[in-house]
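# Chains, contacts and geometry: an overview
So the chains spell out like this:
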Amino acid sequence: MKLKHVYVCALALAMGFLPILPLPLSAQKSVGKSIEVAPTNGNGSSVIQNKMYRYPEFKEGKVTFKNGTATIANLNYNVFSGEAEFVKGEDTLAVDNLFTISSISIGDDLYFYDQESKSLLQQLEKFRSATLLVKEKYEVADIKSKGAMGSSPSSIAATSATQYADKSQTYNLKSSDNYKFKVKTSYYLADLNDHYYEASKRNISRLYPNAKDALIEYFRTNKVDFDNEAQLRELIQYIEGHSQK
């Protein structure tokens, strides 16, 4: 199974060019929270391929388009690239032109595309007046010996045995460098009109303008970590209950 970072037009998906194929070997293990790579002659891709996907296998899902059409495929979420992928022939392809897509389901999970952050967001829970979503993506956490990637961390994706790339630049792995990647988790909120906001005190207030007093009281007695899923759920449940009054 070849692994390529190749983009495919969403129109092609709608026309049925999305095959259901057996599980690729690169997706036999589910994603981990961190990966350490010490390439030998630039080869570190096997380590990454074992942990790059959210799900232990490509599973049946559905791509639904804004024009009302839909197509079924075996899909997975690549935590390195932050993209939904499917298999065609010997290649793994990324679903592209996400602005034409209403939603992507993978198994029981549902994903939406936020055009502002250019990110696929997984729905965690749909409340009465808002939806809680999450973005998970690997980012460079440490490079012990500075190499071609420089000193500034960036989000990157596996493209071959010797290279990684983000959307604007390709980096060569050097055998003298040790790379550590960690999953960065970011939470988002969506209103009833499908506008997405990164979870913060300010944006919670924007979503619940009629619950100002309840929010002031909650924040007075509770310290909320907006990177903590459980605390975000508790906050939203509290505000949803008090905003009805």
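Residues numbered from 1 in each chain as written. Predicted model: local features only at pLDDT ≥ 70, side-chain atom pairs only at ≥ 80, totals over all residues. Heavy atoms only, no water.

### Observations regarding the packing of aromatic side chains
- Counted according to the given criterion, the structure contains 6 aromatic pairs.
- When the ring of Tyr 77 is compared with that of Tyr 111, the centres are 5.5 Å apart and the planes differ by 15 degrees; the resulting orientation is stacked. Separated by 34 residues along the polypeptide, Tyr 77 in strand E4 (residues 70-78) and Tyr 111 in strand E8 (residues 109-114) bring together distant segments of the chain.
- Residue classification places Tyr 77 among the buried residues on the basis of a relative accessible area of 2%. (Phe/Tyr/Trp six-rings, centres within 6.5 Å; stacked < 30°, edge-to-face > 60°. Helix = DSSP H or I, 4+ residues; strand = E, 2+ residues; numbered from the N terminus. Buried < 20%, exposed > 50% of the residue type's maximum accessible area, 1.4 Å probe, protein only.)

### What to know about the confidence of the model for the protein chain
- Per-chain confidence: the protein chain averages 75 in pLDDT, with 65% of residues scoring 70 or above.
- Every residue in residues 1-31 is under pLDDT 50, and counting partners more than four places away or in other chains gives 97 contacts.
- Taken together, the stretch residues 146-163 has pLDDT below 50 and engages in 58 contacts with residues farther than four places along the chain or on a different chain. (pLDDT = per-residue confidence, 0-100. Contact = heavy atoms within 4.5 Å.)

### Quick notes on the pairing of strand E3 (residues 59-65)
- Both E3 and E4 contribute to a ladder of 6 bridges, which runs antiparallel. Bridge pairing in E4 places Gly 61 opposite Ala 73.
- The antiparallel pairing of E3 with E4 creates a hairpin that spans 4 residues between the two strands, and Gly 68 there sits at a positive phi of about 95 degrees.
- Here E3 runs beside strand E7 (residues 101-106); their pairing, made up of 5 bridges, is antiparallel. Along E7, the bridge assignment pairs Thr 64 with Ser 103. (Pairing = 2+ DSSP bridges.)

### Considering the packing of helix H4 (residues 212-221) against helix H5 (residues 229-242)
- Interaxial distance between H4 and H5 falls to 10 Å at its minimum, and their mutual angle equals 145 degrees. For the crossing formed where H4 meets H5, the hand is right-handed. Only Glu 234, Leu 235, Tyr 238, Ile 239 and His 242 of H5 make contact with H4, whose side of the interface consists of Ala 214, Leu 215, Glu 217, Tyr 218 and Phe 219.
- Residues that form the contact of H4 with H5 fall into these classes: 7 nonpolar, 1 polar and 2 charged. (Axes fitted to C-alpha atoms, helices over the stretch in contact; angles between N-to-C directions. Left-handed = near helix turned anticlockwise from the far one by under 90°. Nonpolar A, V, L, I, M, F, W, Y, C, P; charged D, E, K, R; others polar.)

### A look at the pattern of salt bridges
- Applying the stated criterion to the full structure yields 5 salt bridges.
- For Glu 136, the salt bridge goes to Arg 54, with nearest N and O atoms at 2.8 Å. One end of the pair, Glu 136, is in strand E10 (residues 131-143); the other, Arg 54, is in the loop between helix H2 (45-49) and E3, with 82 residues separating them in the sequence.
- You can call Glu 136 buried: its relative accessible area is 15%.
- Classification of Arg 54 by relative accessible area gives buried; the value is 11%.
- Here Arg 233 and Glu 125 are joined by a salt bridge, their closest N and O atoms 2.2 Å apart. In this pair, Arg 233 sits in helix H5 while Glu 125 sits in strand E9 (residues 119-126), placing the two residues 108 residues apart along the sequence.
- Here the salt bridges share partners, and the residues they tie into one network are Glu 125, Glu 229 and Arg 233. (Salt bridge = Lys/Arg side-chain N within 4 Å of Asp/Glu carboxyl O.)

### Things to note about unusual backbone geometry
- Unusually for a residue other than glycine, Asn 97 sits at a positive phi of about 50 degrees.
- In this fold, Asn 97 is placed in the loop between strand E6 (91-95) and E7.

### What to know about the side chain of Glu 240
- Assignment of secondary structure puts Glu 240 in helix H5.
- A polar contact is formed between the side chain of Glu 240 and the side chain of Tyr 208, at a distance of 2.5 Å.
- Ignoring any residue separated from it by four or fewer positions in sequence, one finds Glu 240 in contact with Phe 127, Arg 128, Ser 129, Ala 130 and Tyr 208. (Polar contact = N/O pair within 3.5 Å; in protein donor to acceptor, adjacent residues only side chain to side chain.)

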